[in-house]
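Listed below are the residues making up each chain.
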Amino acid sequence: MSEHKYEFSVTMSCSGCSGAVERVLKKLEGMSLSLSSTPISLSPFLGNIPGVGADMEWLCAGVKSYEVSLDSQTAVVVADESLPYEKVLRTIAKTGKKVTAGKADGVEQSVEVPAE
């Protein structure tokens, strides 16, 4: 599975600010479950979820890692392909901290927070 690197410039004035950004990013962390290597059948639990097959990974969320730096005023997020830039931007914006610049895989992106 491929991954994306999202970089944000975030206005943070104290460790409480950077802590708030860290907390919301932590909520986006997920775990992956490889259905092909699971020794029990998960079919009764998954029901008829479209796209979930016996030989594919099912991802609950998309953040693989993140680093928030108060010194450099940045938040760097490594995410799997299932997590879009806009969702991470929206999540950081919910802290009330201003995002002044953003990049997805090295390409400048809009920092206008999209509606949900």
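Placed above this text is the structure.
These remarks concern the structure in this document.

Quick notes on the rules
- Along each chain, residue indices are assigned from 1 in the same order as the chain's sequence is written.
- Where local features are concerned, this predicted model is filtered to residues with pLDDT of at least 70; where side-chain atom pairs are given and counted, the filter is 80 or more; whole-chain, interface and lining totals use all residues.
- The side-chain figures draw on all heavy atoms in the structure; neither hydrogens nor water molecules are used.
- One requirement defines pairing of two strands: DSSP has to find at least two bridges between them.
- A helix here means a DSSP run of H or I that spans at least four residues, while a strand means a run of E at least two residues long, and both kinds are numbered starting from the N terminus.
- Throughout, exposure labels follow a simple rule: accessible area from a 1.4 Å probe, protein chains only, divided by the maximum for the residue type, with under 20% read as buried, over 50% as exposed, and the rest as partly exposed.
- Whether two residues are in contact is decided by their heavy atoms, any of which lying within 4.5 Å being enough.
- Among the buried residues, those of types Ala, Val, Leu, Ile, Met, Phe, Trp, Tyr and Cys that are joined through side-chain atoms within 4.5 Å form a nonpolar core.
- Within this document, salt bridges are pairs made up of a side-chain nitrogen of Lys or Arg and a carboxyl oxygen of Asp or Glu, the two lying within 4 Å of each other.

1. Observations concerning the pairing of strand β6 (residues 99–104)
Phase 1: Pairing of strand β1 (residues 3–10) with β6 involves five bridges; the strand directions are antiparallel. Within the sheet, the bridge partner assigned to Glu7 lies in β6 and is Lys103.
Phase 2: Where β6 meets strand β7 (residues 107–109), three bridges bridge the pair, whose relative direction is antiparallel. Looking across to β7, one finds that Lys103 is bridged to Glu108.
Phase 3: The hairpin turn running from β6 into β7, its antiparallel successor, is two residues long, and Asp105 in that turn takes a positive phi close to 55 degrees.

2. Focus on helix α3 (residues 85–93)
Phase 1: For α3, the set of buried residues is Tyr85, Val88, Leu89, Arg90, Thr91 and Ile92.
Phase 2: The elements touched by buried residues of α3 are β1, α1 (15–28), β5 (74–80), β6 and β7.

3. Examining the nonpolar core
Side chains of nonpolar character tend, in soluble globular proteins, to be buried together.
Phase 1: Grouped together as the largest cluster of nonpolar side chains are 20 residues, with contacts concentrated most on Phe8, Leu25, Val88 and Ile92.
Phase 2: Elements that contribute at least two residues to this core include exactly β1, α1, β4 (63–69), β5, α3 and β6.

4. Some thoughts on the pattern of salt bridges
Phase 1: A full pass over the atoms with the stated rule returns two salt bridges.
Phase 2: The salt bridge partner of Lys64 is Glu3, with a shortest N-O separation of 3.2 Å. Taken together, the residues span a long stretch of sequence, with Lys64 in strand β4 and Glu3 in strand β1 at a distance of 61 residues.
Phase 3: For Glu3, a relative accessible area of 45% corresponds to the partly exposed category.
Phase 4: Residue Lys26 pairs with Glu29 through a salt bridge whose shortest N-O separation is 3.5 Å.
Phase 5: The class of Lys26 is exposed, set by a relative accessible area of 52%.
Phase 6: When its relative accessible area of 34% is taken as the criterion, Glu29 is described as partly exposed.

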